[in-house]
Amino acid sequence: MKIGIVGLGLIGASFAKGTKKYTTNQVYGVDLQENVMTQALEEGAIDGILFPDELPSCDLILLAVRPGAAVEYVKAHPQLKGLVVDLCGVKRAVSGELLELARQYGFHYIGGHPMAGREIGGYVNADADLYQGASMILVPHTTLVPEDLLGYFTALGFTTLRISEDDTHDRILAYTSQLAHIASNAFVKSPTALEHFGYSADSLKDLTRVATLDAQMWTELFLKNGDYLARELGGLIRELEKYHVAITSGDAKALEDLLTEGTEIKAIIYPKKGGS
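Note that the coordinates shown come from a computational prediction; the quantities given were computed from them, not determined experimentally.

Some points on the overall build of the protein
No. 1: Regarding its fold elements, the protein presents ten helices and eight strands.
No. 2: With respect to the three principal axes, the spread of C-alpha positions in the protein is 70 × 40 × 40 Å.
No. 3: Across the 276 residues of the protein, 40% fall into the buried class.
No. 4: In the form shown here, the protein has an accessible surface area of approximately 15100 Å², with 57% of it arising from carbon and sulfur atoms.
No. 5: Positive and negative side-chain charges in the protein, numbering 24 and 35 respectively, have mean positions lying 2 Å apart.

Next up, the structure:
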């Protein structure tokens, strides 16, 4: 296949590098930063620049940019043909417009979201092995997913290919990703955080890992999924208040019940291997 990648940040460049390492496909890429494209060419992450005249000959276009930018790129390039897959962290805000553009321009559109990443983005942090063992969510919108696309994602290391719908994706990702980033980002704002050295171990490191984020990008994702995210955030606030009440009132039984309940739910969502 001839693959075009729009956006050579962490996600897009990792697709480019993985494609060159694990497949024989051609890769063309484009990025707003000219120095990034130059570096990608020099390092062999891409075979060439994805100029507009290359678009009609691409079998697959990956939109590895923010939701708004993905829609604007497609609007500006009616010469798109073949298969277009966005890699955005929200789907409803993207799919509606891209499905309509697909009908107008004559390309095939499938929503996508690779469940992999790092706290620090950018081309320099991209890794050909980023998707090893990861899950790829695909939203085909009632159409069949081409076998060569499934084979491509498998070749890059994705071990789970999850077929979903726009609404289901956004509802679940509000909890599994977006809420986790907000909770981590808020957690570090305690004044006590500045005194942690020598008093902290893995529990603090685990809870604060995703506090580091691209504020502009995540603001866009949070607001475009605001209904589901607000619901999850409200639920977390209500749960935290239960712990607050139990502790301030000295209610040992209520606190123990809350802790036991959380431990049991954790065991359900992440069962211990081997049943032990």
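Here's the deal with the environment of K17
No. 1: Positionally, K17 belongs in helix α1 (residues 10-22).
No. 2: In the structure, K17 is positioned 232 residues away from S249 in sequence and 56 Å away in space, judged by C-alpha atoms.
No. 3: In this structure, K17 is in contact with E43, A45, Y123, A126 and A128, ignoring residues within four places of it in sequence.

Concerning a nonpolar patch on the surface
No. 1: On the surface, Y175, I265, I268, I269 and Y270 cluster together into a nonpolar patch covering about 590 Å² of accessible area.
No. 2: Here the element with the most residues in the nonpolar patch is helix α10 (residues 252-269); it accounts for three residues.
No. 3: Along the chain, I265 turns up in helix α10.

Thoughts on the packing of helix α6 (residues 166-187) against helix α8 (residues 215-224)
No. 1: Packing of α6 against α8 leaves a shortest axis separation of 11 Å and a crossing angle of 125°. One way to sum up the angle between α6 and α8 is to call them oblique. Helix-helix and strand crossings are classified by hand; for α6 and α8 the assignment is left-handed. On α8, the residues that touch S177, Q178, H181 and I182 of α6 are W218, L221 and F222.
No. 2: Residues that form the contact of α6 with α8 fall into these classes: four nonpolar, three polar and no charged.

Reading the values: rules and limits
Residues numbered from 1 in each chain as written. Predicted model: local features only at pLDDT ≥ 70, side-chain atom pairs only at ≥ 80, totals over all residues. Heavy atoms only, no water. Helix = DSSP H or I, 4+ residues; strand = E, 2+ residues; numbered from the N terminus. Buried < 20%, exposed > 50% of the residue type's maximum accessible area, 1.4 Å probe, protein only. Areas by Shrake-Rupley, 256 points an atom, 1.4 Å probe, with all protein chains shown as cover. Lys, Arg positive; Asp, Glu negative; His and termini not counted. Charge placed at Lys NZ, Arg CZ, Asp CG, Glu CD. Contact = heavy atoms within 4.5 Å. Patch = residues over 30% accessible without salt bridge, like charges linked within 9 Å, V, L, I, M, F, W, Y side chains within 5 Å. Salt bridge = Lys/Arg side-chain N within 4 Å of Asp/Glu carboxyl O. Axes fitted to C-alpha atoms, helices over the stretch in contact; angles between N-to-C directions. Parallel < 35°, antiparallel > 145°, perpendicular 65-115°, else oblique. Left-handed = near helix turned anticlockwise from the far one by under 90°. Nonpolar A, V, L, I, M, F, W, Y, C, P; charged D, E, K, R; others polar.

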